[in-house]
Amino acid sequence: MTQTAPLIDPFRRAISYLRVSVTDRCDFRCVYCMSENMSFLPKKELLTLEELDRMCSAFVRMGVEKLRITGGEPLVRRDIMTFFRAMTRHLDSGALKELTLTTNGSQLAKFAGDLHDAGVRRVNVSLDTLDADKFAQITRWGRLAQVLDGIEAAQKAGLRVKINAVALKGFNEVELFDLQAWCAARDMDLTFIEVMPMGDLGNEDRLDQYWSLKDLRARLAERFTLTDLNERSGGPARYVRIEETGQKIGLITPLTHNFCESCNRVRLTCTGELYMCLGQEDMADLRAPLRASNDDARAGGGDPVGHRTQAQGP
Ligand code: SAM
Ligand code: SF4
């Protein structure tokens, strides 16, 4: 297939980062993310593994250098290793600089070695608490021991692990320093995410769990010397270094839009919708043109990115 024009948005920002959801399903039911009785999409709505390959490969040709695979829970998608292994060719060619994933860790013990073989070098594992009972409470269906085994397996396989924790007032607030120390002891960075309201999950009683990361940072500063790091990942994360441990702490405030000028990322849903911005509903359906034609350059005779997006695409 021919080389296509790079993805440059109307603000002249190069899009080099694509986050791809490969499934809407999950083996957990975290209270801030899903309701207990979720109904999931029919299979035909989802991009097949071949379609995901075609889509991601097109983005890589257009200049995406970093692919982050997510879900739902990416590792519960059947045969997902086929997709990871398929992406290895883009790492080998040098077009793709990083292939990574965000996971709840439940399947890592099973897949860590395969992921490493496919060229994955870093994983983000979501872990909000180190207390088994609280873990069961927040994930509803998860078991802490399984996730801890997964993290250990990932490190043994040579994957660098970063922990993501949703900051929840009155829940893991008391564990701030335990989580930090636990990660430091295992040479893992740690990122806190401010909780986002997720609509009707039947958890109205939990919506008062918002814990400002400004407050969290101030708590860390009471105990440690913090240095603000200038590095930006192109997304909503800011970083500080704890001088005493050398650890990097990320602070993600998804609702604070103060990073737009440096944003380099777009997001693809498991049904092939491309979202250009975390804070906007503007999206383009890429599945219809993908299914309408085998030609990535001009699928369906029109602009595959469609009319609803501002991105200048293939
Ligand atoms: N299942 C995988 C996992 O949990 O890591 C990947 C998908 S999950 C949706 C990606 C990240 O979003 C996780 O770190 C999770 O904690 C976070 N997340 C989910 N719901 C959230 C919410 N309401 N507010 C903030 N972060 C949330
Ligand atoms: Fe959501 Fe991830 Fe929790 Fe699953 S593990 S419910 S996708 S946050």
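1. Observations concerning the site of ligand 1
Inference 1: Not every one of the 17 residues close to ligand 1 is listed here, only the nearest: Tyr32, Gly72, Ser126, Met196 and Met198.
Inference 2: At the level of secondary structure, the elements contributing two or more residues to the shell around ligand 1 comprise β3 (98-103), β5 (160-167) and β6 (189-194).
Inference 3: Here the residues of the shell around ligand 1 are counted per class, giving seven nonpolar, eight polar and two charged.

2. Considerations on the nonpolar core
Inference 1: Counting 83 residues, the largest nonpolar core has Phe84, Leu115 and Ile163 as the members making the most contacts within it.
Inference 2: It is helix α2 (residues 80-93) that contributes the most residues to this core, seven residues altogether.
Inference 3: In contact with Ile163, not counting residues within four places along its chain, are Val125, Leu127, Ile151, Trp182, Cys183, Met188, Asp189, Leu190 and Thr191.

3. Focus: the pattern of salt bridges
Inference 1: Under the definition given, this model contains 17 salt bridges.
Inference 2: With a shortest N-O distance of 2.8 Å, Arg291 and Glu51 are connected by a salt bridge. Of this pair, Arg291 sits in helix α8 (residues 287-292) while Glu51 sits in helix α1 (residues 49-61), and the two are 240 residues apart along the sequence.
Inference 3: Measuring nitrogen to oxygen at the nearest pair gives 3.1 Å for the salt bridge that ties Asp296 to Arg61.

4. A short note on the packing of aromatic side chains
Inference 1: Tallying each qualifying case throughout the model produces three aromatic pairs.
Inference 2: Taking the centre distance of 6.0 Å and the plane angle of 70° together, the rings of Phe83 and Phe84 count as edge-to-face. Exposure class is identical for Phe83 and Phe84. Each is buried.
Inference 3: Across the ring face of Phe171, the terminal group of Lys134 is positioned such that the distance to the ring centre comes to 5.0 Å.
Inference 4: One residue, Arg267, lies across the ring of Tyr275, its end atom 4.7 Å from the ring centre.

5. A closer look at a nonpolar patch on the surface
Inference 1: A surface patch of nonpolar side chains, about 270 Å² in accessible area, is lined by Met196, Met198 and Leu255.
Inference 2: If you trace the backbone, Met196 turns up in the loop between β6 and α7 (213-223).

6. Let's talk about the environment of Phe111
Inference 1: In this fold, Phe111 is placed in helix α3 (residues 108-117).
Inference 2: Looking at Phe111, the relative accessible area reads 14%, which means it is buried.
Inference 3: In the structure, Phe111 is positioned 30 residues away from Met81 in sequence and 8.2 Å away in space, judged by C-alpha atoms.
Inference 4: In contact with Phe111, other than residues within four places in its own chain, are Leu75 and Met81.

7. What to know about the side chain of Thr129
Inference 1: Here Thr129 lies in the loop between β4 (122-126) and α4 (132-139).
Inference 2: Within polar-contact distance, the side chain of Thr129 engages the backbone nitrogen of Asp131 at 3.0 Å.
Inference 3: Among the polar contacts made by the side chain of Thr129, one reaches the side chain of Glu175 at a distance of 2.5 Å.
Inference 4: If sequence neighbours within four positions are ignored, Thr129 has contacts with Lys134, Phe135, Leu144, Phe171 and Glu175.

8. With respect to the pairing of β3
Inference 1: Counted residue by residue, β3 has six buried out of six residues, so it is predominantly covered.
Inference 2: Burial along β3 is two-sided: the residues Glu98, Thr100 and Thr102 and Leu99, Leu101 and Thr103 are all buried.
Inference 3: The handedness of the strand β2 (residues 66-70) to β3 crossover, carried by α2, is right-handed.
Inference 4: Handedness of the β-α-β unit built from β3, α3 and β4 comes out right-handed.

Parameters at a glance
- Residues numbered from 1 in each chain as written.
- Chains lettered and ligands numbered in written order.
- Predicted model: local features only at pLDDT ≥ 70, side-chain atom pairs only at ≥ 80, totals over all residues.
- Heavy atoms only, no water.
- Near = heavy atom within 4 Å.
- Helix = DSSP H or I, 4+ residues; strand = E, 2+ residues; numbered from the N terminus.
- Nonpolar A, V, L, I, M, F, W, Y, C, P; charged D, E, K, R; others polar.
- Core = buried A, V, L, I, M, F, W, Y, C linked by side-chain atoms within 4.5 Å.
- Buried < 20%, exposed > 50% of the residue type's maximum accessible area, 1.4 Å probe, protein only.
- Contact = heavy atoms within 4.5 Å.
- Salt bridge = Lys/Arg side-chain N within 4 Å of Asp/Glu carboxyl O.
- Phe/Tyr/Trp six-rings, centres within 6.5 Å; stacked < 30°, edge-to-face > 60°.
- Lys NZ or Arg CZ within 6 Å of the ring centre and 35° of its normal.
- Patch = residues over 30% accessible without salt bridge, like charges linked within 9 Å, V, L, I, M, F, W, Y side chains within 5 Å.
- Areas by Shrake-Rupley, 256 points an atom, 1.4 Å probe, with all protein chains shown as cover.
- Polar contact = N/O pair within 3.5 Å; in protein donor to acceptor, adjacent residues only side chain to side chain.
- Right-handed = clockwise from strand over helix to strand, strands pointing away.

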